[in-house]
Structures are given as C-alpha cells and as structure tokens.
Amino acid sequence: MAVQLPVVPQAPKQSVGAHVIENPFTEVNGEVHVPEVRIRDAFPKQEEKDGILEFKVVQNDGDPENMKAMVYLKDIFSKQLPKMPTEYISRLVLDRRHQAVAMVKQGTIIGGIQFRPFKERNFIEIVFCAVTRQQQVRGYGSYLMNHLKKHAQRVGIYNFLTYADNFAIGYFKKQGFTLEVEMEKSDWMGVIKDYDGGTMMHCALSDSIDYMEAPVILQRQRRYVLGVLKTLTTQHQRWSGFKEFAEYTKDKDPVTAVARIAADKFAPLLSTGWNPEGYRKLVSPAVQRKILEINRELLLAVKEDKSSWPFLLPVDGTVVTNYYSYVEDPIDIQTMERKLDAGFYITQDMLYSDLIRMIENCKTYNGTGNVYYECALALEARFIKKWKAIPLDQL
Ligand code: ACO
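Here's what I pulled together on the structure shown here. (Residues numbered from 1 in each chain as written. Predicted model: local features only at pLDDT ≥ 70, side-chain atom pairs only at ≥ 80, totals over all residues. Heavy atoms only, no water.)

Another aspect to go through is the pattern of salt bridges. Evaluation of the coordinates by the stated rule reveals 13 salt bridges. Salt bridges here are not isolated pairs; linked through shared partners, they connect K339, D354 and R357. (Salt bridge = Lys/Arg side-chain N within 4 Å of Asp/Glu carboxyl O.)

We now examine the sheet that holds strand β7 (residues 123–131). Strand order in the open sheet formed by six strands is β4-β5-β6-β7-β8-β9, with mixed pairing between adjacent strands. Both outer strands of the open sheet, β4 (53–58) and β9 (198–204), are each paired with one neighbouring strand and no more. Between one strand axis and the next, the sheet turns through 25° on average, direction left out of account. As paired strands, β4 and strand β5 (residues 99–105) are joined by six bridges and run antiparallel to one another. (Pairing = 2+ DSSP bridges. Helix = DSSP H or I, 4+ residues; strand = E, 2+ residues; numbered from the N terminus. Axes fitted to C-alpha atoms, helices over the stretch in contact; angles between N-to-C directions.)

Close contact between helix α1 (residues 42–49) and helix α4 (residues 140–155) brings their axes to 7 Å; oriented N to C, the two are set at 65°. Contact residues: F43, P44, K45, E47 and E48 in α1; Y140, Y143 and H147 in α4. Taken together, the residues that form the contact of α1 with α4 break down as four nonpolar, one polar and three charged. (Contact = heavy atoms within 4.5 Å. Nonpolar A, V, L, I, M, F, W, Y, C, P; charged D, E, K, R; others polar.)

It is worth spelling out the environment of L218 at this point. For L218, the location among the structural elements is in helix α7 (residues 214–232). Here L218 falls in the exposed class, since its relative accessible area comes to 51%. With 180 residues separating them along the chain, L218 and R38 place their C-alpha atoms 10.0 Å apart. (Buried < 20%, exposed > 50% of the residue type's maximum accessible area, 1.4 Å probe, protein only.)

The full set close to the ligand counts 26 residues, and R38, R40, V137, G139 and S142 are the nearest of them. At 2.8 Å, a backbone N or O of G141 approaches an oxygen atom of the ligand. S142 is positioned with one of its side-chain polar atoms (N or O) 2.7 Å from an oxygen atom of the ligand. Protein contact buries 81% of the 950 Å² of open area that the ligand shows by itself. Put simply, the parts of the chain that give the shell around the ligand at least two residues each are β7, α4, β8 (159–165) and α5 (169–174). (Near = heavy atom within 4 Å. Polar contact = N/O pair within 3.5 Å; in protein donor to acceptor, adjacent residues only side chain to side chain. Areas by Shrake-Rupley, 256 points an atom, 1.4 Å probe, with all protein chains shown as cover.)

M103, I126, M145, L148, F160 and F177 are the most contacted members of the largest nonpolar core, which has 28 residues in total. Broken down by secondary-structure element, the contributors of at least two residues to this core are β4, β5, β6 (108–118), β7, α4, β8, α5 and β9. If you tally residues by element for this core, the top one is α4, at six residues. Sequence-distant contacts of I126, defined by excluding residues within four places in its chain, comprise I113, Q114, F115, M145, L148, F160, L161, T162 and F177. Residues I76, Y163, M183 and M200 belong to the second largest nonpolar core, which totals 27 residues. (Core = buried A, V, L, I, M, F, W, Y, C linked by side-chain atoms within 4.5 Å.)

Attention now moves to unusual backbone geometry. Located in the positive-phi region is Q106, a residue other than glycine, with phi close to 45°. Checked against the element boundaries, Q106 lands in the loop between β5 and β6. On the basis of relative accessible area, Q106 is assigned to the exposed category, the value being 63%. One non-glycine residue, N122, adopts positive backbone phi at about 60°.

Glancing now at the environment of V104. Inspection of the secondary structure assignment puts V104 in strand β5. Sequence separation between V104 and E54 is 50 residues, and the spatial gap between their C-alpha atoms is 5.2 Å.

Encoded structure:
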C-alpha cells in the first residue's frame, strides 16, 4: 500500500520544530488534481437568476406590502433570536429610522437583515440578521449580506458595524467582518445599540469591489494560484512505503523504524526537491551551530565508549567477504565523522538514524550470543540514554 513519505526520519520527541503544510493536491491516475474551490452563495445566486429568489429593501413607510414584510421579518427574527424579547424586536423592526433587506423565495420571506443607516457617519448598523431554520447553511445568509453590501455602495456608505451574537461570530467573519473596529470610536460609541452577549464587529467596504461577483472572482484567483502551485510542487507524489516500517511495526516500534532508515537513502525525498541546503535556510545559523555541537559531542561519546571498537571503521570486505551481501546500508563511526565534518547531519535525527542503523546492521549480521552483539546492545543503550538527555528544547 502506498503511504505518505515521512519528511525526515524522526526520533522520539527530538526534532527541531518544522512547519507542516497540508497538501492541497491529489493525484488520480497520474493526473494532479487541483482542489475544487466552492462558491458559498452559488445556490441562491442561481435561484435569483432563475427568478425564484428576490431581494427587497423595505421599511415602515405605510406601504401595506412593506408592512406585511416587516411583520414576517419580525417573526423570523423572534424565532431565530429567542433570547431577544419579542417586543424589543417589534419596536426596532417598526422603527421608521430602520430598514431591512428582505429575502423572498417564491413569495415567502425566508430571511432578512434589519439595519439602520448613519449616512453622515458613514456606517450602517446591522441590528438583526436571520434566515429561517430550514434554509440555513445553504449560502442564503452570505448572499443576503452581499445584497446589503451592494445596497450600501448604492447609497454611498462604506462601513458595517454590528454587535454580533457570540454564536454568530463565525458567520460574520466569513462575510468579511473583523473583531477590530477600524473606525474612530467617537464616530459610533454611544450611537449604536449595545447588547450583552454580543461582540462588536466591523466590516469595511470598498466601492471598487463588486460584492455580488466577489465570490466568483475569489474562486478564479484561488484556482489560478493553485494551478501555478501545481506546476511548482511535487507534493502530490506518493511513494511506496519503506520496508522498515512493515518490519518494525511488528515489533511495535515504528518510531525507531523510521530512525533506522538511512537519511542518505531518501531518494524519493531528494527527488521531491528537498535538499539539505533548503532545510539549512529554514534553520538559523545559531541553531545549526548548536545542532553540530550536539551531534559532535554525541558522536565523540559513542567513539570513546568501551563497546565502540567493532564500529570504529568500515567492515573490511576482503576479510569479511560476505558482509556486503547481507548488509545493504553499511555505516560506521569513521564514515559518520566524515559526514559530520561535511555538514551532512543538519538535524540531530539524521545522526541518530545512522547510529541506529549501525547497531541494527551489527545485530542482523552477527545474530545473538556473541561479543559483537553484546557490544551493539551496550553501545545502543548508552547512546540512547545520552540522546534522551540532550536539552533540545533550548534550540
Ligand atoms: N456560527 C459559525 N458559522 C456559521 C454560523 C454560525 N452561527 N452560521 C453560518 N455559519 C457559517 C456557515 O457554516 C458557512 O460557512 P462555510 O460556507 O465555510 O461552511 C458561512 O457561515 C455562511 O453560511 P450561509 O449558509 O451563507 O449562512 P446561513 O444561511 O446559515 O445564515 C445566519 C447565517 C444568518 C447566522 C443563520 O444561521 C441564522 O439565522 N442563525 C440564527 C440567527 C442568528 O444567530 N443571527 C445572527 C445574530 S447576530 C445579529 O443579528 C447582529
């Protein structure tokens, strides 16, 4: 089964922090797929095009049709905002200084936004906003807000303020509202209604944005950016799993299994464009120096250990003639010193990985019940202890 490639061999809780970016791409039959970008209000927009849905700005101006709409809206707000006293809602809905955008589906009002314009102060106070229960989370709330934005542009007002119900903050954020109010406090403080259990939110509007088309434009922009990324990334590629995983999960020790994989055998990793230089750029020179110092200290301790003698030099293939047909990835302390000096070990995990591999090679080739095996066990126990004592949280 194909598995996602691990980025760097990891030892338990010993790696320098790295950013993990979720891969947005998938690959199906060799084709890279860019994720579909959803338009939140596509459904109601289509309904409006089809003549099923319409929007009206209404207010208590004596017009019987408008009065009827206000009564329906009052009912929707009362039902959807049960904590608000009905009398209070009625009073504000009928207040002649207030207006509402009513959303009408096949002759029935299914939602609306009650608001009060403060033209001279350049803001609209959103007083109530609701969609009937059966129609929620289908994009109507977003589309309604976009209609109000269009209306605001028409009348030349460029800010919305609202005391959002704390349960509705998520909805307002998705409509472009922020918790920071960028307007001068003196322009709105004491002017708009204050609610307990509500949070002040602000949305600044621009007259150069077509809010009815903005979701489509954003979708095009996201598609374009993802399309460009697609040509630059190899993230979607999947590789078959390392056999070491399969072997060592049987021993219930998958973490060590990862560490056993030779870092320099990460051909798939290198082919994705990863390189030690790029990684180095992510880590500050001070941290790099610290890592080098830690690795040098650990390797020296291993070298000076009384059980290290079988591991000091590469196994001589002319003496141990079958060694290299058993051991695919040989490693020894001298080779590790060279790699260290060449700047290969850019993480502590990479050195740990080689050390574990050296021990594993020895155990695999020699089997149990001999001096080499005993040396491997003793050395392993000591360097793991040292490894765990390294204060990596200071990096
Ligand atoms: N909290 C968090 N996120 C929400 C909420 C909420 N209460 N309601 C909707 N959303 C999210 C949706 O999941 C959707 O996100 P997604 O597209 O990423 O999945 C996004 O907001 C827009 O959803 P729509 O379908 O466009 O909105 P909907 O038609 O459901 O209308 C509304 C939203 C008006 C808040 C509706 O749910 C409602 O009437 N709720 C009850 C009344 C209410 O709480 N009104 C606001 C009170 S505050 C005030 O009036 C000033």
